[in-house]
Amino acid sequence: MATCRLVVFDTTLRDGEQAPGFSLRIDEKIRLALQLEALGVDVIEAGFPIASDDDAEAVRRVALAIGRPIVAALARCAPHDIDRAAWSLAPARRPRIHTFIATSDLHLERKLRMSRGAALEAAVAGVVRARGYTDDVQFSAEDATRSDPDYLCRVIEAVISAGATTINLPDTVGYCTPDEVAEFFRSVIGRVPNADRAVFSTHCHDDLGLAVANSLAALGAGARQVECTINGIGERAGNASLEEVIMATRVRADRLPFETGVETGGLYASSQLLSALTGEAVQSNKAIVGRNAFAHEAGIHQDGMLKDRRTYEIMRPEDVGVPRTTLVLGKHSGRHAVQKRCEQLGYMLSRQDLDRVYRRMTALADTKKHIVDDDLDAIVAEECDHPRRAVREPAGGQEAGYGFGV
Ligand code: KIV
Ligand code: ZN
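Summarised in this report is the structure supplied together with it. Sequence order as written defines the numbering, with residues in each chain counted from 1. Whichever chain is written first becomes A and whichever ligand is written first becomes 1, with later ones labelled in order. Two thresholds apply to this predicted model, a pLDDT of at least 70 for residue-level local features and 80 or more for giving and counting side-chain atom pairs, whereas whole-chain, interface and lining totals are computed over all residues. Think of the side-chain values as coming from all heavy atoms in the structure, minus any hydrogens and water.

The next point concerns the coordination of the zinc ion (ligand 2). The donor set comprises N, O and S atoms within 2.8 Å of the metal, extended to 3.2 Å for Na, K and Ca; water molecules are omitted, so apparent gaps in a site may simply reflect that omission. For the zinc ion (ligand 2), the protein coordination sphere consists of D15 (OD), H203 (NE2) and H205 (NE2), at 2.0 to 2.1 Å. Each donor residue of the zinc ion (ligand 2) lies on the same chain, and together they follow the pattern D-x187-H-x1-H. Relative accessibility decides the category of a residue: with a 1.4 Å probe and only protein chains considered, values under 20% of the type maximum give buried, values over 50% give exposed, and everything between is partly exposed. H203 gets classed as buried once you look at its relative accessible area, which sits at 4%. In this structure H205 comes out as buried when scored by relative accessible area, which is 4%.

In structure tokens, the structure reads:
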């Protein structure tokens, strides 16, 4: 199956940063932007310059710091927004102005109080003005997936004629289902006569927990740019998570034949950096980068992992930069995992010793969430007369629980 190269558009510093609890100082934005560059994303959306002087300055400083990726700045389809974005992007080696206007009747009537005709005119004027500054202009039809398809197609055709080179069709409120998104992209790309002159882009929100599935559906239907954020942060429930989209295309290349420039070994470090800078912890069961993503406590799972990691892991932790798999000793752990950890601690236990240690460990685990090495040392000392001791292996190094590699 032929693979095609996707444009990975990271909007952690714009859609992500505008969510409650995720604001960053300028120096922190630069640090994160440099991390995103090292990670291999193609486009870094650095902010919304008209929102504040600080935002404008942050975009300017990111533009100065970044070498390879395109640096994008958001602007409404209004002259002063676009001029401000252009000012911020002036130092960028590869600037992109990203201009947007809503196209759904709900947004036009209730929010913008604008007619369809006026919005179309503003969209075209915005793109023309942006093209006066750069050849790389992205147009987004906000609330595209809830827009009237005929009107949406007219707007898209007009903005491509006006010079837009990327057309982003956001599922702004995370309302769609994957089959619907696929149908939507296929239909729009098929109907817009000059669709071949632009790259189509997907930008999905996670209100129903479908942002990644919807993004992948859009890619399957012809979108070639995917917009996403580290840890999936963004407005409300967030955006499609970059690490999930990337690893889905990597692990399931048989179904998702897309290549990206992302160096997957940097995913965990990027997630950790964002979390450290914002002070917002990553949910422990978060796919790919959560603390439990490569941790196993259930006895059957630990036993399977010790025999062959592929029984319960579909990717290797090192592929995403996670130091190692952890087998957490707790009340669900089995004898095999306890034996393995005792061996790693240097104890060669007889069968009877192991039985006693295992019983004590499970009793202790009823009162304590995680069993650490000191607990196991104490149990062995009390339960076993002469536990033969070999060289002790270093502990797993996980801050929470009891980690050891397999
Ligand atoms: O969700 C959305 O519609 C957006 C646009 C501004 C691209 O973030
Ligand atoms: Zn958004």
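This part is about the packing of helix α2 (residues 26-39) against helix α11 (residues 267-278). Under this scheme, a helix contributes an axis fitted over its contacting stretch, all axes are lines through C-alpha atoms, and angles between N-to-C directions fall in the 0 to 180 degree range. Note on conventions: DSSP H or I runs of at least 4 residues are helices, E runs of at least 2 residues are strands, and numbering of each starts at the N terminus. The interhelical angle for the contact between α2 and α11, taken along N-to-C directions, is 170°, at an axis separation of 10 Å. In terms of orientation, α2 lies roughly antiparallel with respect to α11. In this structure, α2 contributes E28, R31, L32, Q35 and L39 to the contact, and α11 contributes L267, A269, S270, L273, L274 and L277. Three classes are used, and their members are as follows: Ala, Val, Leu, Ile, Met, Phe, Trp, Tyr, Cys and Pro are nonpolar, Asp, Glu, Lys and Arg are charged, and the others, Gly among them, are polar. When grouped by side-chain class, the residues that make up the contact of α2 with α11 number seven nonpolar, two polar and two charged. In these notes the angle categories are as follows: under 35 degrees is roughly parallel, over 145 is roughly antiparallel, 65 to 115 is roughly perpendicular, and the rest is oblique. In what follows, a contact means two residues having at least one pair of non-hydrogen atoms within 4.5 Å.

What follows is about the state of the cysteines. Pairs of cysteine sulfur atoms within 2.5 Å are identified as disulfides in what follows. The full count for this structure, using the stated rule, is zero disulfides. With no disulfide of its own, C4 lies 16 Å from the sulfur of C228, the closest cysteine sulfur. C153 forms no disulfide, and the closest cysteine sulfur to it belongs to C176, at a distance of 14 Å. The class of C153 is buried, set by a relative accessible area of 7%.

On to the side chain of E45, then. Its location among the elements puts E45 in strand β3 (residues 43-47). Given the relative accessible area of 0%, E45 is considered buried. Other than its neighbours up to four places away in sequence, E45 contacts F9, D10, T11, L13, R14, A72, A73, L74 and H98.

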